[in-house]
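Read off the chains here:
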Amino acid sequence: MEVKKVMVIGAGQMGSGIAQVCAQAGYEVLLNDLKAEYIDRGLGVIKKNLSRQVSKERMTEAEMEEVLRRLQPSDNLEDSGRVDLVIEAAVENIEIKADIFKRLDGIAPDHAILASNTSSLPITEIAAATKRPEKVIGMHFMNPVPVMKLVEIIRGLATADEVYTAIEEMTHKLGKVPVEVNDFPGFVSNRILMPMINEAIYTLYEGVAEKEAIDEVMKLGMNHPMGPLTLADFIGLDTCLYIMETLHEGFGDDKYRPCPLLRKYVKAGWLGKKSGRGFYQYS
């Protein structure tokens, strides 16, 4: 089961990063989104990232042009009919993802693997929207994709061994480190990370300390590169809330109950860095 051509669905921060590392590893890549302007923005980010590598002399101008040539825009899901692997990186919503996979199932070649970059949603449930659950798998990349080495690989209930092996081998070719994880809400990364962030928000909510102090304690005391409240702003508070709700619903345990302050900020539109304001303000 060899992967040569890849479609990445979603040209946002995660999708463009995944498309970039795939193209750098030698794969032909279709970057798909609903609108041409979204794709152009994603391709612009990739070019900016690669240009930075050239300026740091980690890549030549010719190598950058070769990578960019392997990237093609796509605003039509029908284009998935000529790929070996689809990596979906759409919004973190089970209904939207299930609909995408149902449509892909009717278009993508029979041999094609359908992967989701979901950070918390059940792969088994996404796979159930298709008639090829054995070819559905989770590939959870970390943000920023070009920098972070980890990829959580999640088997659904029916994922075939050869599909897992093909994705594991590809992950190595991308210069990443694959880690096998079972299909539970939040997998490993977000099951541990998000309750920590949520607890930091509770610590602020209950007046234990100011936001700067909370972040400083975790940076200096626990050697974290950035504090949990800053990290939440970078992830997006709406994404943090959605993952906490997924954990709460999936496990039925109140230790995963989202902090009311997190809900309040999301309702106010304070989503973090992307909206200009979260726990901190961004110009």
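Residues numbered from 1 in each chain as written. Predicted model: local features only at pLDDT ≥ 70, side-chain atom pairs only at ≥ 80, totals over all residues. Heavy atoms only, no water.

Where an unreviewed UniProt entry is consulted, the chain appears under the name 3-hydroxybutyryl-CoA dehydrogenase, with the organism given as Bacillus infantis NRRL B-14911. What UniProt records for the chain under Pathway (unreviewed entry) is the sentence "Lipid metabolism; butanoate metabolism." In its Sequence similarities (unreviewed entry) section, the UniProt entry covering the chain states "Belongs to the 3-hydroxyacyl-CoA dehydrogenase family." (UniProt positions renumbered as here; feature names shortened; annotations may be inferred.)

It is not clear to me how the overall build of the chain should be interpreted in this structure. Could you clarify?
Helix and strand counts for the chain stand at 11 helices and eight strands. For a compact globule of 283 residues, the expected C-alpha radius of gyration is about 19 Å, and the chain comes in at 19 Å, within 12% of that figure. Looking at the chain residue by residue over its 283 residues, the buried ones come to 49%. A distance of 4 Å separates the average location of the 33 positive side-chain charges in the chain from that of its 41 negative side-chain charges. (Helix = DSSP H or I, 4+ residues; strand = E, 2+ residues; numbered from the N terminus. Rg over C-alpha atoms; globule rule 2.2 N^0.38 Å. Buried < 20%, exposed > 50% of the residue type's maximum accessible area, 1.4 Å probe, protein only. Lys, Arg positive; Asp, Glu negative; His and termini not counted. Charge placed at Lys NZ, Arg CZ, Asp CG, Glu CD.)

How do you make sense of the packing of aromatic side chains when you look at a structure like this?
Centre-to-centre distance and the angle between the planes together describe a pair of aromatic rings. Tallying each qualifying case throughout the model produces five aromatic pairs. Each ring, one from Phe234 and one from Tyr282, has its centre 6.3 Å from the other, and the planes form 90°; the classification is edge-to-face. Taken together, the positions of Phe234 in helix H9 (residues 228–235) and Tyr282 in the segment after helix H11 (260–267) put the pair 48 residues apart, joining distant regions of the chain. Under the relative-accessibility criterion, Phe234 is labelled partly exposed at 38%. For the ring pair Tyr265 and Trp270, a centre distance of 5.1 Å and an interplane angle of 75° mean the geometry is edge-to-face. Above the face of the Tyr164 ring, Arg155 is positioned so that its terminal group lies 4.4 Å from the ring centre. (Phe/Tyr/Trp six-rings, centres within 6.5 Å; stacked < 30°, edge-to-face > 60°. Lys NZ or Arg CZ within 6 Å of the ring centre and 35° of its normal.)

Looking at this structure, how should I read the sheet that holds strand E1 (residues 5–9)?
The strands that make up a sheet are held in pairs by hydrogen bonds between backbone atoms, and each pair lies either parallel or antiparallel. Taken together, eight strands build an open sheet; the order of strands is E3-E2-E1-E4-E5-E6-E7-E8 and the sheet is mixed. Of all strands in the sheet, those with a lone pairing partner are strand E3 (71–74) and strand E8 (177–181), marking the two edges. Mean inter-strand twist for the sheet, computed between neighbouring axes without regard to direction, equals 25°. Of the strand pairs in this sheet, strand E5 (residues 113–116) and strand E6 (residues 136–141) are connected by three bridges, and their pairing is parallel. Looking across to E6, one finds that Ser116 is bridged to Gly138. (Pairing = 2+ DSSP bridges. Axes fitted to C-alpha atoms, helices over the stretch in contact; angles between N-to-C directions.)

It is not clear to me how the environment of Arg69 should be interpreted in this structure. Could you clarify?
Within the secondary structure layout, Arg69 lies in helix H3 (residues 61–69). Sequence separation of Arg69 and Glu169 is 100 residues, and the distance between their C-alpha atoms is 24 Å. A distance of 2.8 Å separates a polar atom in the side chain of Arg69 from a polar atom in the side chain of Glu66. (Polar contact = N/O pair within 3.5 Å; in protein donor to acceptor, adjacent residues only side chain to side chain.)

Help me understand the UniProt feature "binding site: NAD(+)" (unreviewed entry) in the chain, please; the structure alone is not making it clear to me.
Following the UniProt record, one finds the feature "binding site: NAD(+)" (unreviewed entry) at Gly10, Ala11, Gly12, Gln13, Met14, Gly15, Asp33, Glu92, Lys97, Ser119, Asn143 and Lys274. Checking the annotated residues one by one, the ones that line the second largest pocket turn out to be Gly10 and Asp33. Tracing the chain through its elements places Gln13 in helix H1 (residues 13–24). Secondary-structure assignment places Asn143 in the loop between E6 and strand E7 (150–155). For Asn143, a relative accessible area of 36% gives the class partly exposed. (1 Å grid on protein atoms, 1.4 Å probe; cavity = no way out; pocket = protein on both sides within 12 Å on 5 of 7 lines; lining within 4 Å.)

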